[in-house]
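Each chain is listed here by its residues.
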Amino acid sequence: MVRETHCLSSSTFRDDGYLLTLTGMPHALTDLEVRTVTKPTDQAGHELTADVCVIGAGIAGLSAAVESARLGRSVVLVDALPVLGGQMVNSLIGLFCGVFSNAPQHRQLTHGIFDDIFRDLGASGDLFYKRTHTTTVGYDEVALGRWVEDTVLAHGIQAVTGAVITGVTRDDGRLHAVRLATRYGTLDVRAAGFVDASGDAALAWEAGLPCRLPDREIYGSQQLVVERLAESGRPEPAELADRVAQKAEQYGLRRHDGLAFFFPGRDTAVLNMTHIEAPLEPVAAARAQLDGKVQADRVVEFLRAEFPEAFAKAKVRSYGFPGRRQTRWVQAVHQLTVDEVRAGTRFPDAVARTAWPIELHDSPQGYVWETFGPDHLHYVPLRSMTPPDVHNLLVAGRCVDGDAAALSSVRVMGPCGAMGAAAAHVLQMTAAPSGSGSVHDVDRAELAERLSHNLEDAAG
């Protein structure tokens, strides 16, 4: 019997079809010895040393790491997930929010890493711009994930994934090292400066610093990407919201509103139509993830039945990791208030700006959505990123200090990316040769000059 093969250029088969040789490949096994080992009894594991250690590889942490590397500093970037990109990639957020001002001008408020993302993903056709009360930027999460990985490699950043904090060495008002548990053993990262961009203030919490918790649940979301859609039949956002409000209980939907973000020309959409709890306890967190997918499946059932013109053949392409909005955040020198947000207070130590609405998801059924006028801007001060009594730690992203409503307006990706860049510059500016510099004693004028692209509009 002769058997054909189309994947090997030259092969020899016996009559019973078994392969005898492969041209160009080894013909025999070589000895490969195997050792038997046990875990060492001492605590010695792996060690890394860097100028900057960033905890969290979402937009805030990535921005801090890349900006630090561009400033000539060695960087270790750590994330608890097995992949980089944080929620913007792995929770399937699907939109960059808070990067632009309100209509009608739609000015870009935050630059730096966003200029690079918009340039590169725009060139490959993997993002689109949507203008409503502001400009949001939709993106392909797979393309963005690969962009993040390539960028980390290109800047020589040492990445550590699948790592959780088990201890922090802290004395004399400084953090010296963080101990991480990984599937490959313990890892100690020593650094001159640290950025907590974990989203849950994980580094500050483990370091024993005071943190804030909301008195009631602020809900996250189980995002998902659906495909095989008919974009021509998609409902208008108002029509979708009205139908959800009318029939949420019928379909067992917890959230009574929601949005579907269609990617133009691809017959796919990101669905943001669920509310899930975001506990900080391991068993409850796992249960919330499972419950979130149940909710997501009900959303798909609802869309297939109620909007068959667009969703009759809808199929889930991927479920994101649970999206978290506001869980635990740091107590800093200054707590940003909702009154300061509404007033557009321009702080002398401002490091980020945005026009994003107050968006507080503190009800299972819906959320507060308070928009601002065309000229409105509000700011994040450095003091909201600096925990007291520690001199080489900055917090960036959604765990900076604010009251619940204020934080809801600055925890989106635009200002989070700006905060990450600011953290990189502050740590570089205060990196005294003696190691005694303090993030609480920074030259505000110099910092404002360094961050002018994220604080001022370009001339002309």
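Residues numbered from 1 in each chain as written. Predicted model: local features only at pLDDT ≥ 70, side-chain atom pairs only at ≥ 80, totals over all residues. Heavy atoms only, no water.

(A) Structural view of the overall build of the protein. If you tally the helices and strands in the protein, you get 13 helices and 22 strands. At 25 Å, the protein has a C-alpha radius of gyration in line with the 23 Å of a compact globule built from 460 residues. Each of the three principal axes of the protein carries a C-alpha extent, and together these read 85 × 65 × 50 Å. In the protein, which comprises 460 residues, the proportion classed as buried is 51%. Here the protein has roughly 21200 Å² of accessible surface; of this, 50% comes from carbon and sulfur atoms. Distance from the positive charge centre (43 side chains) to the negative charge centre (57 side chains) of the protein: 3 Å. (Helix = DSSP H or I, 4+ residues; strand = E, 2+ residues; numbered from the N terminus. Rg over C-alpha atoms; globule rule 2.2 N^0.38 Å. Buried < 20%, exposed > 50% of the residue type's maximum accessible area, 1.4 Å probe, protein only. Areas by Shrake-Rupley, 256 points an atom, 1.4 Å probe, with all protein chains shown as cover. Lys, Arg positive; Asp, Glu negative; His and termini not counted. Charge placed at Lys NZ, Arg CZ, Asp CG, Glu CD.)

(B) Structural view of the pairing of strand β18 (residues 350-354). Burial analysis of β18 places five of its five residues in the buried class, the great majority of the element. Alignment of β18 against strand β21 (residues 378-381), held across four bridges, turns out to be antiparallel. Across the sheet, residue A350 finds its bridge partner in β21, namely P381. (Pairing = 2+ DSSP bridges.)

(C) Focus on the packing of helix α1 (residues 59-70) against helix α11 (residues 413-429). Taken N-terminus to C-terminus, the directions of α1 and α11 make an angle of 35 degrees; their axes are 7 Å apart at the nearest point. Crossing geometry of α1 relative to α11 is assigned as right-handed. Mapping the contact onto sequence places I59, A60, S63, A64, E67 and S68 in α1 and M413, C416, G417, G420, A421, A424 and H425 in α11. Taken together, the residues of the contact of α1 with α11 break down into seven nonpolar, five polar and one charged. (Axes fitted to C-alpha atoms, helices over the stretch in contact; angles between N-to-C directions. Left-handed = near helix turned anticlockwise from the far one by under 90°. Contact = heavy atoms within 4.5 Å. Nonpolar A, V, L, I, M, F, W, Y, C, P; charged D, E, K, R; others polar.)

(D) View of the pattern of salt bridges. According to the stated counting rule, one finds 26 salt bridges in the structure shown. The salt bridge involving D401 is made with R212; its shortest N-O contact spans 2.6 Å. One end of the pair, D401, is in the loop between β22 (393-395) and α10 (404-408); the other, R212, is in strand β12 (residues 211-212), and 189 residues separate them in sequence. Taking the relative accessible area as the measure of exposure, D401 reaches 2% and is therefore buried. Two residues, R353 and D457, come together in a salt bridge whose shortest N-O distance is 3.1 Å. Of the two residues, R353 sits in strand β18 while D457 sits in the segment after α13 (452-455), which places them 104 residues apart along the sequence. Here the salt bridges do not stand alone but share partners, grouping R70, D116, R119 and D120 into one network. (Salt bridge = Lys/Arg side-chain N within 4 Å of Asp/Glu carboxyl O.)

(E) Representation of the sheet that holds strand β5 (residues 95-96) in the model. Read from one edge of the open sheet, three strands run β5-β7-β6, paired in antiparallel fashion. Each of the sheet's edge strands pairs with one partner strand only, and the pair in question is β5 and β6 (127-131). As judged from the two bridges shared by β5 and strand β7 (residues 135-139), these two strands associate in the antiparallel manner. Directly across from L95, in β7, lies its bridge partner G138.

(F) Spotlight on the nonpolar core. Residues M88, F96, I117, F118, L144, V195 and M385 are the most contacted members of the largest nonpolar core, which totals 99 residues. Per-element accounting of this core gives the leading share, eight residues, to α11. In terms of nonpolar packing, the next biggest core, distinct from the first, is built from 21 residues, L229, V244, A248 and L303 among them. (Core = buried A, V, L, I, M, F, W, Y, C linked by side-chain atoms within 4.5 Å.)

(G) A look at the sheet that holds strand β15 (residues 268-272). One open sheet accounts for four strands, arranged β14-β15-β13-β16; its pairing is antiparallel. The sheet is open, and its two edges are formed by β14 (259-263) and β16 (315-319), each paired on a single side. The sheet shows a mean angle of 30 degrees between the axes of neighbouring strands, taken without regard to direction.

(H) Fine view of the confidence of the model for the protein. The share of residues in the protein with pLDDT of 70 or more is 92%, and the mean pLDDT across the chain is 93. Across residues 1-10 the pLDDT falls below 50, and counting only partners more than four positions away or on other chains, this stretch makes 13 contacts in the model. (pLDDT = per-residue confidence, 0-100.)

(I) Just the side chain of H378, in detail. By the secondary structure assignment, H378 is in strand β21. Overall, the relative accessible area of 1% leaves H378 in the buried class. Within the structure, the side chain of H378 is placed 2.9 Å from the side chain of H376, a separation counted as a polar contact. Aside from chain neighbours lying at most four places away, what touches H378 is V341, G344, A352, R353, T354, A355, W356, F372, S409 and V410. (Polar contact = N/O pair within 3.5 Å; in protein donor to acceptor, adjacent residues only side chain to side chain.)

(J) Structural view of the pairing of strand β9 (residues 164-171). In this sheet, strand β10 (residues 174-182) lies alongside β9 in antiparallel orientation, the contact comprising seven bridges. Considered in β10, the bridge of T169 is made with A177. Counted along the chain from β9 to the antiparallel partner β10, the turn is two residues long, and its residue D172 has a positive phi close to 55 degrees.

(K) View of unusual backbone geometry. The amide bond that connects A103 to the next residue, P104, takes the cis arrangement and shows omega of 10 degrees. Of note in this structure, D172 is not a glycine but carries a positive phi near 55 degrees. Tracing the chain through its elements places D172 in the loop between β9 and β10. Phi angles above zero are rare outside glycine, and R228 is one such case at about 65 degrees. Locating R228 in the fold gives a position in the loop between β13 (224-227) and α6 (237-247).

(L) Geometry of the packing of α1 against helix α3 (residues 113-123). Direction vectors running N to C along α1 and α3 enclose 100 degrees, while the axes themselves pass 10 Å from each other. Accordingly, the angle class assigned to the pair α1 and α3 is roughly perpendicular. Counting all contacts with α1, which are made through I59, L62, S63, V66 and R70, the residues of α3 involved are I113, F114, D116 and I117. A per-class count over the contact of α1 with α3 returns six nonpolar, one polar and two charged. (Parallel < 35°, antiparallel > 145°, perpendicular 65-115°, else oblique.)

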